[in-house]
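If you want the building blocks of each chain, they are given just below.
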Amino acid sequence: MTACKKPVPEPEPPIVVDVWPELPDPAFPYSEVTFPETWLNDPAMNLFHVNDANNPITDAGATLGRVLFYDPQLSSNMRVSCASCHRPEHGFADGEAVSSGVEGGVTHRNSMALINLAYQRRLFWDAREAELEAQVLKPIAHPDEMGMDLAAIPVRLEGVPYYGELFAEAFGDEEITTDRVALALAQFLRSLQTTSSRYDAGLETGFSNFTAQELEGKSLFFNGETRCAQCHGTLNFFTPSELMVNGLDVNYGAAGDGGLSEFTGNPAQDGLFRVVSLRNIGLTAPYMHDGRFATLREVVDFYADGIQPHPNLNHRLSDTGVGPNGQPPMAMPLNSAQREALVAFLLTLSDTTDFVNSPWGSPF
Ligand code: HEC
Ligand code: HEC
C-alpha cells in the first residue's frame, strides 16, 4: 500500500437483530380488554365507535401486532420502528415537534398520540384516512418515515426466525403478507386504551381526589368563558366529526401547513384540522399539528389572547361564540392563576398506567 492511496471507507456494519421478543405464554388476553361501562353506555361515544367486525381483536393477532410495532426491521434501514415516533412513555407520541425517520427524513407534522383508536373513525391531523388497516401501512411505505417497499415486507420478515410462528398463531398458517401485517398492527392499536386518568377516578368519586386548583381549572374548561369543552368534548375530549380552525395562523398555507387544503388542494379549506383528544396531553408535548407550543401554559396563553383572525375561524372561538365561522377572535379574560389552573386540570387527563411495562410496551 502506498501512503498516498485514498483509504477505502469501511462499509457500514450490517445490522444484526438477534434479540427475540419476550412474550407471555399464554398470550395476554387483548381480546378481553373492554372499555369501561360508562363509555359503552354513552350514546355520544357509541356514535363514534369503530366497527371492527372485519378484523376483530384476537390475543395472537394483537401479540403479533405488538412485535411488529416495536420492530425496526419493518423499515428500509432497520433502524426505525413505529415506536420510534410513538413511544409509550410519551402517550405514544414522541416528544419532538417533528420526527425523524429513515435516511435523515423528517415528518411534515407532529407525531400524533395514539389515543383510544377504537373510537377514532378519522385518522391523521387532517382526517384524510378513515380505516386503521389502511393507515398503518402508510408510515411503513413513506420515504421520510420507514421507507420500506411494501412488496418487500414478506421476504424481509420471512428471514426473521420468530415471525413464522407468530403469523401461524395469529392467522392459522405461516404465510406472511402485507395485509396480515396491517391486520395485526390494527388489532394491537385498537386494543390500546386510555381511560385511567385522575380525571376518570374523579368521575367515580365526585372529584374528591382533585386539588382546589384542579377543580378551578375543571370549571374553567367546561364553562362558557373558555368554551374548551365545546370542541374538546365527550369522555374522550375531542370532536371526531368535524375539522376546525382554532386560529393558530392568519394563513396556514403561507405559514407552512394548510391542513385539509394540502390534501384536497382547495384553498377554501385552509387551516382545517382535527379537534384531537386531550387525553394524555400532559405526556405528549410539544403541541398542535406542527409542535409549535412547547408547554401547556403556552397553549393556554394562545387561546387566552393569541387567537388569530381567519376566514374559517370556528365560531366557538369568535367573540360572539355563535353564528357563522370567520368572525373576529374571542379574547378570554384569564388571569395568570386561572391559566395555571387550566393547565393543572389538563394534567389530570394523563393516564396513570405504566404503558412501558405493560402488554402495550416493547417486547424486545
Ligand atoms: C417517523 C415518525 C413516524 C413513524 C416511524 C410512524 N409514525 Fe405514525 N404518525 C407520525 C406522524 C407525524 C403522524 C401524523 C401525520 C399526519 O397527520 O400527517 C402519525 C400518525 C399516526 C396515526 C394516526 C393517529 C390518529 O389519531 O389519527 C396512527 C394510527 C399511527 N401514526 C400509527 C403508526 C404505526 C402503526 C406506525 C408503524 C407502522 C407508525 N405510525 C410509524 C409519525 C410516525
Ligand atoms: C373551536 C374548537 C376549539 C376550541 C373551542 C378549543 N380547541 Fe383546542 N384544538 C382545536 C383544534 C382544531 C386543535 C388542533 C389544531 C392544530 O393543530 O392545527 C386543537 C388543539 C389543542 C391542543 C393541542 C393538542 C395536541 O395534541 O397537540 C390543546 C392542548 C388544546 N387544543 C387545548 C384547548 C383548550 C385548553 C381550550 C380552551 C381554552 C381549547 N383547546 C379550545 C379546537 C378547539
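If you're wondering where the values come from, they're calculated on a predicted model, not measured in any experiment. (Residues numbered from 1 in each chain as written. Chains lettered and ligands numbered in written order. Predicted model: local features only at pLDDT ≥ 70, side-chain atom pairs only at ≥ 80, totals over all residues. Heavy atoms only, no water.)

### Describing the site of ligand 2
Neighbouring residues of ligand 2: 23 residues in total, closest Cys228, Cys231, His232, His289 and Tyr303. One nitrogen or oxygen atom from the side chain of Asn246 is found 3.4 Å from a nitrogen atom belonging to ligand 2. Here an oxygen atom of ligand 2 sits 2.6 Å away from a polar atom, N or O, in the side chain of His289. Looking at the shell around ligand 2, the elements that each hand over two or more residues are helix H12 (228-231), strand S2 (273-275) and helix H15 (296-305). Of the residues assigned to the shell around ligand 2, the class counts are 17 nonpolar, four polar and two charged. (Near = heavy atom within 4 Å. Polar contact = N/O pair within 3.5 Å; in protein donor to acceptor, adjacent residues only side chain to side chain. Helix = DSSP H or I, 4+ residues; strand = E, 2+ residues; numbered from the N terminus. Nonpolar A, V, L, I, M, F, W, Y, C, P; charged D, E, K, R; others polar.)

### A word on the domain arrangement of the protein chain
When cut into domains, the protein chain gives domain 1 (30-194) and domain 2 (198-347). Computed over C-alpha atoms, the centres of domain 1 and domain 2 are 27 Å apart. If you look at the interface, domain 1 gives 29 residues, while domain 2 gives 26 residues. Taking both sides of the interface into account, the surface hidden between domain 1 and domain 2 amounts to around 2400 Å²; carbon and sulfur atoms contribute 61%. Contact with domain 2 buries surface across domain 1, with Ile115, Trp125 and Asp126 losing the most and accounting together for 22% of the total. (Domains from an automatic or database assignment. Contact = heavy atoms within 4.5 Å. Buried area = accessible area lost by both parts, 1.4 Å probe.)

### A word on a negative patch on the surface
A cluster of acidic side chains, namely Asp25, Glu165, Glu169 and Glu174, defines a negative patch on the protein surface. Inspection of the secondary structure assignment puts Glu174 in the loop between helix H8 (163-171) and helix H9 (178-191). Judged by relative accessible area, which is 54%, Glu174 ranks as exposed. (Patch = residues over 30% accessible without salt bridge, like charges linked within 9 Å, V, L, I, M, F, W, Y side chains within 5 Å. Areas by Shrake-Rupley, 256 points an atom, 1.4 Å probe, with all protein chains shown as cover. Salt bridge = Lys/Arg side-chain N within 4 Å of Asp/Glu carboxyl O. Lys, Arg positive; Asp, Glu negative; His and termini not counted. Charge placed at Lys NZ, Arg CZ, Asp CG, Glu CD. Buried < 20%, exposed > 50% of the residue type's maximum accessible area, 1.4 Å probe, protein only.)

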